[in-house]
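Chain residues, written in single-letter form:
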Amino acid sequence: MNINLNEVAFVNWNAGGNNSVTALGNLTFTRNYKYRYITWDNELRFRYGINVQEGRSVQKTDDLIRLSSTFGFRRDTLTNWFYSVKTKFNTQFTNGYKYPDTSTPISRFMAPGYFFFGAGTTYAPDTKKFNLYISPLTYKATFVLDEDLSNQGAFGVEKGKNVFAELGFLITNTWEDEIFKNIFINHRLNLYTDYLKSFGNVDVDWELNFKLKVNEYINADIGTHIIYDDDIKFDEQLADDGTVVDPGVPKVQFKQLLGIGLS
């Protein structure tokens, strides 16, 4: 469990500014098993952040629910390669908005929701926190269980539909290590391309985080998160009658985090 806080307060400050408080909570639960021929890794992550500024409504800064499970089997104890089956699911807790407009949600719980299920091979050395998963056959389902967003065709679903299914190639890689004394790196990369609709067009989800440990309870976190998904469009243009003039284009999404926290 980790909580990061950031606070700014002004009293008679000539340069101006708004009092604000930002909080980010992160919960990670893991249950991993590895013995001889079998490995089974499970992770559940919850993350939520808010920002409160004087004179403004509460704004969400982060929102994540993610569950992943990977089961692997190897023929002998000499190899680090496993035959693997992997499933992953992620969505969010609450509505997302294009602030300052809080009247029209642009995302909700299970809008979108993502589910992956596939089979492949995993490279997992015994002595390192390194994991590489390669799946030539992965099913991906995108859920939009909200009528308004579904009717807009948000997140790649057909207008009026709730599910968009794909079959493609998935690569995931995670790495955790202490690169310097009390400086830890956590890298998580997902690459996916669909065989049927747009093979070669790669969806990217990459998180890179550094934890600077002060002592057993206090730490500083520096992190970045990059997403590129061809099904998520920006700058959509509508005519006066509501018809879509320009569906928009996909763009690189970038988020950066810096915080001091309790762990």
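For the structure given in this document, a descriptive report is provided here. Remember, it's a predicted structure, so these values are computed and weren't measured experimentally. (Residues numbered from 1 in each chain as written. Predicted model: local features only at pLDDT ≥ 70, side-chain atom pairs only at ≥ 80, totals over all residues. Heavy atoms only, no water.)

What about the overall build of the protein chain?
Spelled out, the test is: The helix and strand labels rest on DSSP assignments: H or I over at least four residues marks a helix, E over at least two residues marks a strand, and numbering proceeds from the N terminus. Burial classification: accessible surface area is computed with a 1.4 Å probe over protein chains only, and a residue below 20% of its type maximum counts as buried, one above 50% as exposed, and the rest as partly exposed. The contact definition used throughout considers only heavy atoms, calling two residues in contact when any of these lie within 4.5 Å.
Secondary structure assignment for the protein chain yields 1 helix and 16 strands. Counting only C-alpha atoms and orienting by the principal axes, one finds that the protein chain spans roughly 65 × 55 × 25 Å. Per-residue burial for the protein chain yields a buried fraction of 33% across its 263 residues. Long-range contacts, defined here as pairs at least 24 residues apart, represent 50% of the contacts in the protein chain between residues at least 6 apart.

Points about the nonpolar core
Inclusion rule: The criterion is simple. A nonpolar core is a set of buried Ala, Val, Leu, Ile, Met, Phe, Trp, Tyr and Cys residues joined through side-chain atoms within 4.5 Å.
If you look at the biggest cluster of nonpolar residues, it comprises 13 residues, and the most contacted ones within it are Y114, V144, L149 and F155. Elements represented by at least two residues in this core include exactly β6 (113–123) and β8 (163–180). The contacts of F155, once residues within four sequence positions are left out, are I106, S107, A111, P112, Y114, T142, V144, L149, D231 and I232.

Structural notes on the packing of aromatic side chains
Formally: Stacked, tilted and edge-to-face pairs are distinguished by plane angle, under 30 degrees for stacked and over 60 for edge-to-face with tilted covering the rest, among Phe, Tyr and Trp rings (Trp via its six-membered ring) whose centres lie within 6.5 Å.
In total, this model carries 8 aromatic pairs according to the counting rule given. On the numbers, 6.3 Å between centres and 75° between planes, the contact of F29 with F46 is edge-to-face. You can see F29 sitting in strand β2 (residues 20–35) and its partner F46 sitting in strand β3 (residues 38–53), a full 17 residues away along the chain. For F29, a relative accessible area of 45% gives the class partly exposed. When its relative accessible area of 25% is taken as the criterion, F46 is described as partly exposed. Here the aromatic rings of Y48 and F93 are separated by 6.2 Å at their centres, their planes lie at 85°, and the arrangement is edge-to-face. Taken together, the residues Y48 in strand β3 and F93 in the loop between β5 (81–91) and β6 connect sequence positions 45 residues apart. By relative accessible area, Y48 is classed as partly exposed at 30%. In textbook terms, an aromatic cluster arises when at least three aromatic residues are bridged by ring pairs, as seen for F29, F46, Y48 and F93.

Description of the sheet that holds β6
Whenever strands of a sheet pair, they do so through backbone hydrogen bonds, lying parallel or antiparallel. The following threshold applies: Only strands joined by at least two bridges in the DSSP assignment are considered to pair. Comment: axis = line fitted to C-alpha atoms, over the contacting stretch for helices; angle = value between 0 and 180 degrees taken between N-to-C directions.
The strand order around the closed barrel formed by 12 strands is β1-β2-β3-β4-β5-β6-β7-β8-β9-β10-β11-β16, and the pairing between neighbours is antiparallel. Taken pair by pair, the neighbouring strands of this sheet meet at an average axis angle of 20°, ignoring direction. Here strand β1 (residues 2–8) runs beside β2; their pairing, made up of 7 bridges, is antiparallel. Looking across to β2, one finds that L5 is bridged to A23.

Quick look at the pairing of β5
Sheet topology note: the strand β4 (residues 59–73)/β5 ladder contains 9 bridges and is antiparallel. The partner of S68 across the bridge, within β5, is K88. Both β5 and β6 contribute to a ladder of 10 bridges, which runs antiparallel. Looking across to β6, one finds that S84 is bridged to G120.

What to know about unusual backbone geometry
Glycine aside, residues mostly have negative phi, and peptide bonds are mostly found in the trans state. The peptide bond linking Y99 to P100 adopts the cis configuration, its omega dihedral lying at 10°. A positive phi is found at R36, a non-glycine position, where the angle reads about 55°. Examined against the element boundaries, R36 turns out to sit in the loop between β2 and β3. Note on R36: relative accessible area 41%, which makes it partly exposed. Within the chain, M110 stands out as a residue other than glycine whose phi angle is a positive 60°. As for its placement among the helices and strands, M110 is situated in the loop between β5 and β6. With a relative accessible area of 11%, M110 lands in the buried category.

What to know about the environment of F115
By the element assignment, F115 lies in strand β6. Through-space distance from the C-alpha of F115 to that of T142 is 6.7 Å; in sequence the pair is 27 residues apart. The contacts of F115, once residues within four sequence positions are left out, are T87, K88, F89, Y139, K140, A141 and F143.

These results come straight from atomic positions and should not be treated as a statement about function.
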